[in-house]
Amino acid sequence: MAVFVALGAFLMTLAGGWTAQRVTDRRHLVLGLAGGLMLGVVGLDLLPEALEAAGDEVFGVPEALLLFVAGFLLAHMVERLLAARRAAHGADEHGQRSPQVGLTAAAAMVGHSAMDGVAIGAAFQVGGGMGVAVAMAVIAHDFADGFNTYTLTSLYGNARRRAIAMLVADALAPVAGAASTLFFTIAEGVLGAYLGLFGGVLLYLAAAEILPEAHHEHPARSTLLCTVAGAAFIWLVVGVAE
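Residues numbered from 1 in each chain as written. Predicted model: local features only at pLDDT ≥ 70, side-chain atom pairs only at ≥ 80, totals over all residues. Heavy atoms only, no water.

The name that an unreviewed UniProt entry assigns to the protein chain is Permease, with the source organism given as Streptomyces pactum. Turning to the protein chain, the UniProt annotation filed under Subcellular location (unreviewed entry) states: "Cell membrane". Turning to the protein chain, the UniProt record has this under Sequence similarities (unreviewed entry): "Belongs to the ZIP transporter (TC 2.A.5) family." (UniProt positions renumbered as here; feature names shortened; annotations may be inferred.)

**Side note on the overall build of the protein chain**
The helix and strand tally for the protein chain stands at 8 helices and 2 strands. Going from N to C terminus, the protein chain has its helices and strands arranged as α-α-β-β-α-α-α-α-α-α. Sequence-distant contacts in the protein chain: of pairs separated by 6 or more residues, those separated by 24 or more amount to 82%. As displayed, the protein chain offers around 11,800 Å² of accessible surface, 69% of which is attributable to carbon and sulfur atoms. (Helix = DSSP H or I, 4+ residues; strand = E, 2+ residues; numbered from the N terminus. Contact = heavy atoms within 4.5 Å. Areas by Shrake-Rupley, 256 points an atom, 1.4 Å probe, with all protein chains shown as cover.)

**Focus on the UniProt feature "transmembrane region" (unreviewed entry) in the protein chain**
The UniProt record annotates "transmembrane region" (unreviewed entry) at residues 29-47, 59-78, 118-143, 164-187, 193-211 and 223-241. Taken end to end, residues 29-47 has its terminal C-alpha atoms 26 Å apart, with 100% of it in helix and 0% in strand. What you have in residues 193-211 is 100% helix and 0% strand, and the ends, taken at the C-alpha atoms, are 26 Å apart.

**Here's the deal with unusual backbone geometry**
Leaving glycine aside, a negative phi is the common case for residues, and trans is the common case for peptide bonds. Backbone geometry places Phe 59, a non-glycine residue, at a positive phi of 55°. Counting through the fold element by element, Phe 59 comes out in the loop between strand E1 (57-58) and strand E2 (61-62). A residue is classified by how much of its surface remains accessible, and Phe 59, at 84% relative accessible area, is exposed. (Buried < 20%, exposed > 50% of the residue type's maximum accessible area, 1.4 Å probe, protein only.)

**Remarks on the nonpolar core**
Core analysis: the biggest nonpolar cluster contains 35 residues, and Met 38, Leu 46, Leu 152, Leu 202, Leu 205 and Ile 210 have the highest contact counts within it. Those elements that place two or more of their residues in this core are helix H2 (27-53), helix H3 (63-88), helix H4 (99-126), helix H5 (128-155) and helix H7 (188-216). Leaving out residues up to four positions away in the same chain, Leu 202 has contacts with Met 38, Val 41, Val 42, Leu 46 and Met 109. (Core = buried A, V, L, I, M, F, W, Y, C linked by side-chain atoms within 4.5 Å.)

The structure is reproduced here in structure tokens:
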């Protein structure tokens, strides 16, 4: 049942990527919406779940928040190292983006989607009602995951075929994650730590990369409205799921 339900997440992820691909003539609106979706996912979905799952504190600070900051700094360091590497090879640091950053970010999205599948499988192990509730939440926000996966990959200069390949991998990941729960379960503390770290990475990409790029050439009110709409959509999804 868990694997069957995860097929809904597969289809919703593809739908999100297809939408991002079809509106390339409104790239600034796409990036504005993607930034809002990512901010909403981090602040309204990932962090609350991380704080609930990883309840331990380290020197007075919740472990999930420490890993959240670590994820943000890790993403920043990786991008700076890749930028320095490009500069050493004669590339313009400010004029070009590293395709590896896009692929790494998309791979993180794939990993997150796989964990979504694990969450579905684990919830069904608790009970059918719990499984359906978790599955509905995952399916609803997997549209945003597919949208963001395609956008992140293509934003950093990767070819269309790579963006599609990462999108397909992201769509298959929940199914694989759900199937994996037939063989093992994941500790709640480990899941919380992962969500905190991934949330920091996602916030960096949204705030330092996607949103500035969205407003660089088109500082329009419509772009800002798309960002607000993206965050509001995640709020709606979280509220319905609760």
